[in-house]
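Read off the chains here:
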Amino acid sequence: MSKPLGLDRGLTNYGDPEFSRYLRRSFARSMGFSGDMLNRPIVGIAVSGSGFNNCHRTMPELTEAVSRGVLAAGALPLPFPTISLGEVFLHPTSMMFRNLMSMDVEEMIRAQPMDSVVLIGGCDKTVPAQLMGAASAGKPAVQVVTGPMMTGRYQGERTGACTDCRRFWAKYRSGEMSKSEITEIEGELATTAGTCAVMGTAGTMACLTEALGMSLPGSAAIPAVNSARLVAAEEAGKVAARLADEPITPEQIITPQSVENALRVLLAIGGSTNAVIHLTAIAGRLGIPVSLRRLNEIAEETPVLVDLKPVGMHYMEDLHAAGGVPALMRELRPLLHLDCLGVDGRRLRDRVNESADWIDRSVIRPMSDPISATGGLLALHGSLAPDGAILKRAAADASLFELEGRAVVFDGLEDLNQRIDDPALDVNPRDILVLKNAGPKAAAMPESGYLPIPAKLARAGVKDMVRISDARMSGTAYGTILLHVSPEAAAGGPLAVVRDGDRIRLSVSSKTLDLLVPEQEIKKRLAEWIPPAPPLRGYAALYQRSILQAPQGCDFDFLVSPPRFTHK
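Residues numbered from 1 in each chain as written. Predicted model: local features only at pLDDT ≥ 70, side-chain atom pairs only at ≥ 80, totals over all residues. Heavy atoms only, no water.

## Digging into the sheet that holds strand S9 (residues 402-410)
(1) Moving on: Taking strand neighbours across the sheet as the criterion, the 8 strands line up as S7-S8-S12-S11-S10-S9-S13-S14 in an open arrangement whose pairing is mixed. Two strands bound the open sheet, and with one partner strand each, they are strand S7 (378-380) and strand S14 (512-515). Strand-to-strand twist in this sheet, taken as the mean axis angle between neighbours without regard to direction, amounts to 25 degrees.
(2) Moving on: Note: strand S11 (residues 466-469) against strand S12 (residues 481-486), 2 bridges, orientation parallel. The residue bridging Arg467 from the neighbouring strand is Ile481, located in S12. (Pairing = 2+ DSSP bridges. Helix = DSSP H or I, 4+ residues; strand = E, 2+ residues; numbered from the N terminus. Axes fitted to C-alpha atoms, helices over the stretch in contact; angles between N-to-C directions.)

See below:
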């Protein structure tokens, strides 16, 4: 007996299947569909638009374009809403709601009668949430990203969110810019629809999604306002309709090999540190572990090839014009697993071979002339980070890579806000700024790891310092910043007991981060440490009980699949 399709999937159980089918079709008729349309396979379209999400402003026309493609391929498109995560509009941080959105996506794909699904998203946590949900739901899925913004202009200079936001704000904090100037610049940083114009988290995840095979080749970097973005969305609708008849599930696409391909692309683009957490969470839904030590191994043989801010000079629109992810993967071809399958049914080998011969070498370097011989990210371990920490070395100051310094400690975000610009703060440029209690359990891991340079040092011309925290930072940020320290302070990691004046040693060459306090003293401090009180009710309580640490992708413990593969 053939499996039910379209509206016949997952009928509500009234004890009479034929009545259930009859009732469902009767209500579907009220939406104006003919009997012929209701007999077709159904492609769900997960729509994540919101008035609180500027990145998704083009959601209506993308939904229309996907629907057009679905109809042209003979299926019935049915859009449905999900949670939307607008990065800068959520408190305390969008990361707190990524897993919630993934549950929403998963359960709506499972519960509603669809044969395949198109996921439309863009803003930082949205695409990871959609891929996590789709991976768990197990139905064929195609990811469509909203695409990056185009750049703006300020006094003849190209500008784009949000690396330039931070650069101009640093000038304002240091007294190099006036209040009127920074107010004028505010209107020139994000001038079109779309996600950040640089290789931030949204751009990174778009590239990694294509590298995984979950989106169409060449679609990651198309600007949001480019007509090609709508053409790509239409094609995604056609592909999803084909998948309804000839299923290829996320489990067939997201494999240990495709995850490693995505890691190599992440390293080659000098991408966001957040992508390590998100890719780990996506892979974890299918029982695929992502090892920080394996990340370091492949970083040693994967060069940085893409010259985009915050690591380089260009923008996402330039990456698209230069040849996009297909051109990059063509360069990386000797390092990639070429048998990996994509949503379009083709192997990576075929997709790479079909990429354009011309590549803009000012944006995508050849392997023989890399920006850096080693990958843009590095994992460190040591007595301060037993389970790891992450450094975006491609965006850091190499003069700070081997440093022993005095800790200047902030106990939490409020303490940081109150004291960082205090003229009486005892700090010098060779000190190490430490932020505690900003990790997954304590504060839902906000992007506060990009600690500001203390005002008195900024005014003196200091541009960078070593900064350490259990928080994250925006993919658009830069600096010598150690992130995702694990275990976090609120979980009783050594970070919890770092004190002002303690000595800390960073060594990028040995990949270590150590608290230079005797082991017995660390144990004594931890024995006296009192963990923070957990929330008592609601989603916050569920989050607190269930959240995992950064090396496990900050997923909920009850959503992760048991490991089906082992680390290399």
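## Regarding the layout of surface pockets
(1) Moving on: For the second largest pocket, the calculated volume is near 340 Å³.
(2) Moving on: Along the walls of the second largest pocket sit 20 residues, with Thr280, Pro289, Val290, Pro551 and Gln552 positioned nearest its centre.
(3) Moving on: Elements that contribute at least two residues to the lining of the second largest pocket include exactly helix H12 (274-284) and helix H13 (292-299).
(4) Moving on: When residues of the lining of the second largest pocket are assigned to their parent elements, the largest contribution, 3 residues, is made by H12.
(5) Moving on: Residues belonging to the lining of the second largest pocket are distributed by class as follows: 10 nonpolar, 8 polar and 2 charged. (1 Å grid on protein atoms, 1.4 Å probe; cavity = no way out; pocket = protein on both sides within 12 Å on 5 of 7 lines; lining within 4 Å. Points joined across faces, edges and corners; volume = space filled by probe spheres on them. Nonpolar A, V, L, I, M, F, W, Y, C, P; charged D, E, K, R; others polar.)

## Topic: the nonpolar core
(1) Moving on: Grouped together as the largest cluster of nonpolar side chains are 114 residues, with contacts concentrated most on Ile109, Leu119, Cys207, Leu208, Val265, Leu319 and Leu328.
(2) Moving on: Excluding residues that lie within four positions of it along the chain, Ile109 makes contacts with Phe80, Met114, Val117, Leu119, Ala134, Ala137 and Lys139.
(3) Moving on: Within the second largest apolar cluster, 29 residues are counted, among which are Ala385, Phe401, Val409 and Ile522. (Core = buried A, V, L, I, M, F, W, Y, C linked by side-chain atoms within 4.5 Å. Buried < 20%, exposed > 50% of the residue type's maximum accessible area, 1.4 Å probe, protein only. Contact = heavy atoms within 4.5 Å.)

## Looking at the pattern of salt bridges
(1) Moving on: Enumeration according to the criterion identifies 41 salt bridges in this entry.
(2) Moving on: Of the charged contacts in the structure, one is a salt bridge between Arg68 and Glu234, with a shortest N-O distance of 2.8 Å. In this pair, Arg68 sits in helix H3 (residues 59-72) while Glu234 sits in helix H9 (residues 227-245), placing the two residues 166 residues apart along the sequence.
(3) Moving on: Its relative accessible area of 38% is what places Arg68 among the partly exposed residues.
(4) Moving on: The residue Arg110 makes a salt bridge to Glu106 at a minimum N-O spacing of 3.0 Å. (Salt bridge = Lys/Arg side-chain N within 4 Å of Asp/Glu carboxyl O.)

## Section: the packing of aromatic side chains
(1) Moving on: All chains considered together, the criterion is met by 10 aromatic pairs.
(2) Moving on: Measuring from ring centre to ring centre gives 5.7 Å for Tyr14 and Phe19, while their planes differ by 75 degrees; the resulting arrangement is edge-to-face.
(3) Moving on: Residue class for Tyr14 comes out partly exposed when judged on its relative accessible area of 48%.
(4) Moving on: Sitting above the plane of the Tyr450 ring, Arg166 keeps its charged end 5.4 Å from the centroid.
(5) Moving on: Here the basic side chain of Arg167 rests over the ring of Phe168, its NZ or CZ set 4.5 Å away from the ring centre. (Phe/Tyr/Trp six-rings, centres within 6.5 Å; stacked < 30°, edge-to-face > 60°. Lys NZ or Arg CZ within 6 Å of the ring centre and 35° of its normal.)

## So, unusual backbone geometry
Residues other than glycine predominantly adopt negative phi, and peptide bonds predominantly adopt the trans conformation.
(1) Moving on: The linkage connecting His91 with the following residue, Pro92, adopts the cis geometry, with an omega of 5 degrees.
(2) Moving on: Relative to the assigned elements, Pro92 resides in the loop between strand S2 (76-81) and helix H4 (95-111).
(3) Moving on: The peptide bond linking Lys309 to Pro310 adopts the cis configuration, its omega dihedral lying at 10 degrees.
(4) Moving on: Structurally, Pro310 can be placed in the loop between H13 and helix H14 (316-322).

## What about H4?
(1) Moving on: Given a rise of 1.5 Å per residue, 17 residues ought to cover 24 Å, and the 25 Å separating the end C-alpha atoms of H4 matches this to within 8%.
(2) Moving on: Every buried residue of H4 is accounted for by Met95, Met96, Phe97, Arg98, Asn99, Met101, Ser102, Asp104, Val105, Glu106 and Ile109. (Expected span 1.5 Å × (residues − 1).)

## Considerations on the environment of Asp369
(1) Moving on: By the secondary structure assignment, Asp369 is in the loop between helix H16 (348-353) and S7.
(2) Moving on: For Asp369, a relative accessible area of 42% gives the class partly exposed.
(3) Moving on: It is 20 Å that separates the C-alpha atoms of Asp369 and Val352, two residues lying 17 residues apart in sequence.

## Thoughts on the sheet that holds strand S3 (residues 116-121)
(1) Moving on: On the basis of which strands lie adjacent, the open sheet formed by 4 strands has the order S2-S1-S3-S4 and parallel pairing. If you trace the sheet from one side to the other, it starts and ends with S2 and strand S4 (141-145), each paired once. Averaged over all pairs of adjacent strands, the angle between strand axes in this sheet comes to 20 degrees, irrespective of strand direction.
(2) Moving on: For strand S1 (residues 42-47) and S3, the ladder comprises 5 bridges, and the chain directions are parallel. Across the sheet, residue Ala46 finds its bridge partner in S3, namely Leu119.
(3) Moving on: The sheet contacts of helix H5 (residues 126-137) involve S1, S3 and S4, and relative to S3 the element is tilted by about 165 degrees.

## Brief notes about a nonpolar patch on the surface
(1) Moving on: On the surface, Tyr14, Phe19 and Tyr22 cluster together into a nonpolar patch covering about 360 Å² of accessible area.
(2) Moving on: In this fold, Phe19 is placed in helix H1 (residues 17-29).
(3) Moving on: Residue Phe19 is classed as partly exposed on the basis of its relative accessible area, which comes to 36%. (Patch = residues over 30% accessible without salt bridge, like charges linked within 9 Å, V, L, I, M, F, W, Y side chains within 5 Å. Areas by Shrake-Rupley, 256 points an atom, 1.4 Å probe, with all protein chains shown as cover.)

## Here's the deal with empty space enclosed by the protein
The method is simple in principle: a probe with the dimensions of a water molecule rolls over the atoms, and the space it marks as empty is what remains.
(1) Moving on: Counting across every chain of the model gives 4 cavities of 30 Å³ or more.
(2) Moving on: In this structure, the largest cavity occupies an estimated 80 Å³ of space.
(3) Moving on: If you go around the largest cavity, the residues you meet are Glu210, Ser215, Leu216, Pro217, Pro326, Met329, Leu348, Arg351 and Val352.
(4) Moving on: In terms of residues, the lining of the largest cavity owes the most to one element, H16, which gives 3 residues.
(5) Moving on: Within this model, the second largest cavity holds a volume of roughly 60 Å³.
(6) Moving on: Val276, Ile277, Leu292, Gly388, Ala389, Ile390, His484, Ala550 and Pro551 together form the lining of the second largest cavity.
(7) Moving on: Ranked by residues supplied to the lining of the second largest cavity, first place goes to strand S8 (residues 388-391) with 3 residues.

## Quick notes on the packing of helix H11 (residues 256-268) against H13
(1) Moving on: Contact geometry for H11 and H13: axes closest at 10 Å, N-to-C directions at 60 degrees. If you check the angle between H11 and H13, you find them oblique. The two elements H11 and H13 meet at a crossing, and its hand is right-handed. Where H11 abuts H13, its residues Glu260, Leu263, Arg264 and Leu267 lie against Arg294, Leu295, Ile298 and Ala299. (Parallel < 35°, antiparallel > 145°, perpendicular 65-115°, else oblique. Left-handed = near helix turned anticlockwise from the far one by under 90°.)

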